[in-house]
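This is what each chain is made of:
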Amino acid sequence: MSSDGNKKQFWKRNAAKVPGNIQHVYGAQHPPFDPLLHTNLIKAGNKPPPATPGKPKKATTFQEFESITSDAWDVGDDDDELLAMAAQNLNIEVVMETANKVIENHSKQQERQRQDDTTESGQGEEDAQEEVVAEEVEEEEEDEYLRVEEVEAISPDASFASQSSPYADNRLVKSHSEAPIGSPKDAAGERASLHRQRSLPHRPPVIPLVARMADQNTSGTPAMTEREASRLDKFKQLLAGPNTDLEELRKLSWSGIPRQVRPIAWKLLSGYLPANAERRESILQRKRQEYFGFIQQYYDSRNDEHHQDTYRQIHIDIPRMMSPENLVLQPKVTEIFERILFIWAIRHPASGYVQGINDLVTPFFVVFVFEYIEEEVENFDVSSLQEEALRNIEADSFWCMSKLLDGIQDNYTFAQPGIQRKVKALEELVSRIDESVHRHMQQYEVEYLQFAFRWMNNLLMRELPLRCTIRLWDTYQAEPEGFSHFHLYVCAAFLVRWRKEILEEQDFQGLMILLQNLPTMHWGNEEVSVLLAEAYRLKFAFADAPNHYKR
């Protein structure tokens, strides 16, 4: 009986070492022991566990047995530990056998592909079956690749399980062991670990490039879907009437405007053209003549003492614009932009020219250029257009930009009070919709003005690709006070969109670098549409109830 009692005491004392036993919950100051970070303890199988502090080491039969079989007792509850032991016990013969199986699968797949190439027409069903089989083989190989990467990440000693094999198409094939490597618990642990690391390094993520978007400003545009063709027909029917229903045009334009009708739609939505179709041509001619009258009257004064500083700043800022580099650096484009900005500054002495206004010309210029070309504007030589077309594009861009700035001119007057108010409103709004992000930036002393000033000053043009800005402005022009009021909610949704990345940064410098270099270069219509939908939701909740977010 005494011997039974001793055994119970030993088992009770070492119960923490038995796999599957319930462990204490550790806090941040006492994190659980991670054997993956201390692999030397796993390898040192002949070392007994340290004795409990305060108790003298006492050699016993059980402890001797434990030291001999330490590989059985040094395993904790973590499934990764079981997988690490299993990886160490992999057999090189089994690994090579599995590698040969993988190569054989590849050979069969290539054999089928070669047969497909020689197969004549009329075998569509057989080809479809072979594609299904090929997909199953690829899925099996993906799982194999994932498992071998998991083994490599857990145990350096298992590196032999990943061997590079040359193949017929000059690719490297990774192999691993498919043979059972442990108990069902080991397999379950492997599946759980694979679930945590479900990624394929050899398959880059799908990037929504411009070519994916049917109404983008590029040549190589894919065929329109039935829905897109239907929307285009609705726009054309609406614009073909003698009097365009501007309210209906705004509703259609909110979700994006097809490229084919975007120039005329922007001119109508901005208020540059009237709804009456008969009056449009005469107004266009009058406004274009008026603009070039301003040039004759004011442009020669750009070198006068009172205006030379303004012109010099414009001349410096244009090459810095967030526009396609090949477009802005064209001498003809530079001349057009200089005239537009200088004339606007002369005619608006309350604000004059302010850095940031130069960026706002680009979307209008690019959209109106597409009235005359089909190819990409980035690679197009603007000087090849006829002189009349260039004059029309320049005048239309000036008047539409002027209409935009009329609604947000307090952003550019002395001390820029409009931007100050909007940044403060953004801070209050974010503190209500996502307190965690707000407190995180407060913790690291990040002021909203330090990053959101540019968002308001440039209307997010420095944060988004030009294609996304054009899509964003479709909605801004369709939304009442889109550039002045709705833009606030877009900025709030844009900030919260990066919640995960913001909370991961743990210092001021990291947060500022992130907020000033947000990864949006791959964005397209889908991302902008989601952003606008979230902004509309915020506006619906807070716009008519300002006390909901004011402290």
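For the structure given in this document, a descriptive report is provided here. Residue indices follow the written sequence of each chain, beginning from 1 at its first position. For a predicted model such as this one, the threshold for reporting local features is a pLDDT of at least 70, and the threshold for listing and counting side-chain atom pairs is 80 or more; totals across whole chains, interfaces and linings nevertheless cover every residue. Hydrogen atoms and water are omitted, and side-chain values are computed over all heavy atoms in the structure.

Observations regarding the pattern of salt bridges
Throughout this description, the term salt bridge denotes a Lys or Arg side-chain nitrogen within 4 Å of a carboxyl oxygen of Asp or Glu. In the structure shown here, the tally under the stated rule is 17 salt bridges. Of the charged contacts, one joins arginine 537 and glutamate 534 as a salt bridge, the two residues approaching to 2.5 Å between their closest N and O atoms. Taken together, the residues span about one helical turn, with arginine 537 and glutamate 534 both in helix α25 (residues 525-542) at a distance of three residues. Burial status follows relative accessibility: with a 1.4 Å probe on protein chains alone, a residue under 20% of its type maximum counts as buried, one over 50% as exposed, and anything between as partly exposed. In this structure glutamate 534 comes out as partly exposed when scored by relative accessible area, which is 30%. Strands are runs of DSSP state E lasting at least two residues, helices are runs of H or I lasting at least four, and both sets are numbered from the N terminus onward.

What about the packing of helix α13 (residues 308-317) against helix α15 (residues 331-347)?
A fitted line through C-alpha atoms serves as each axis, taken over the contacting stretch for helices, and the angle formed by two N-to-C directions is quoted from 0 to 180°. In the contact formed by α13 and α15, the axes pass within 10 Å of each other and the chain directions differ by 145°. As α13 packs across α15, the resulting crossing turns out to be right-handed. The residues of α15 that touch α13, namely those facing Thr310, Tyr311, Ile314 and His315, are Glu338, Leu341, Phe342 and Ala345. Any residue outside Ala, Val, Leu, Ile, Met, Phe, Trp, Tyr, Cys, Pro, Asp, Glu, Lys and Arg is labelled polar, Gly included; the first ten of those are nonpolar and the last four are charged. Grouping the amino acids of the contact of α13 with α15 by side-chain chemistry returns five nonpolar, two polar and one charged. Handedness of a crossing follows from how the near helix is turned relative to the far one, being left-handed for an anticlockwise turn of less than a right angle and right-handed for a clockwise one. The contact rule is simple, with two residues in contact once any of their heavy atoms fall within 4.5 Å.

Let's talk about the packing of aromatic side chains
Two rings from Phe, Tyr or Trp (for Trp, the six-membered ring) form a pair when their centres are within 6.5 Å of each other. A pair whose planes differ by under 30 degrees is stacked, one over 60 is edge-to-face, and the rest are tilted. Following the criterion strictly, the structure yields 24 aromatic pairs and no others. Ring plane angle 55° and centroid distance 5.4 Å describe the contact between phenylalanine 364 and tryptophan 473, whose orientation is recorded as tilted. Here phenylalanine 364 is found in helix α16 (residues 361-369), whereas its partner tryptophan 473 is found in helix α21 (residues 466-478), with 109 residues between them in sequence. For the pair phenylalanine 364 and tryptophan 473, one class covers both residues: buried.

A few points about unusual backbone geometry
In this model, glutamate 445 sits at a positive phi of 60°, which is unusual for a non-glycine residue. By secondary structure assignment, the location of glutamate 445 is in the loop between α19 (435-443) and α20 (448-457). Overall, the relative accessible area of 63% leaves glutamate 445 in the exposed class. The backbone of glutamate 481 shows a phi angle near 50°, a positive value even though the residue is not glycine.

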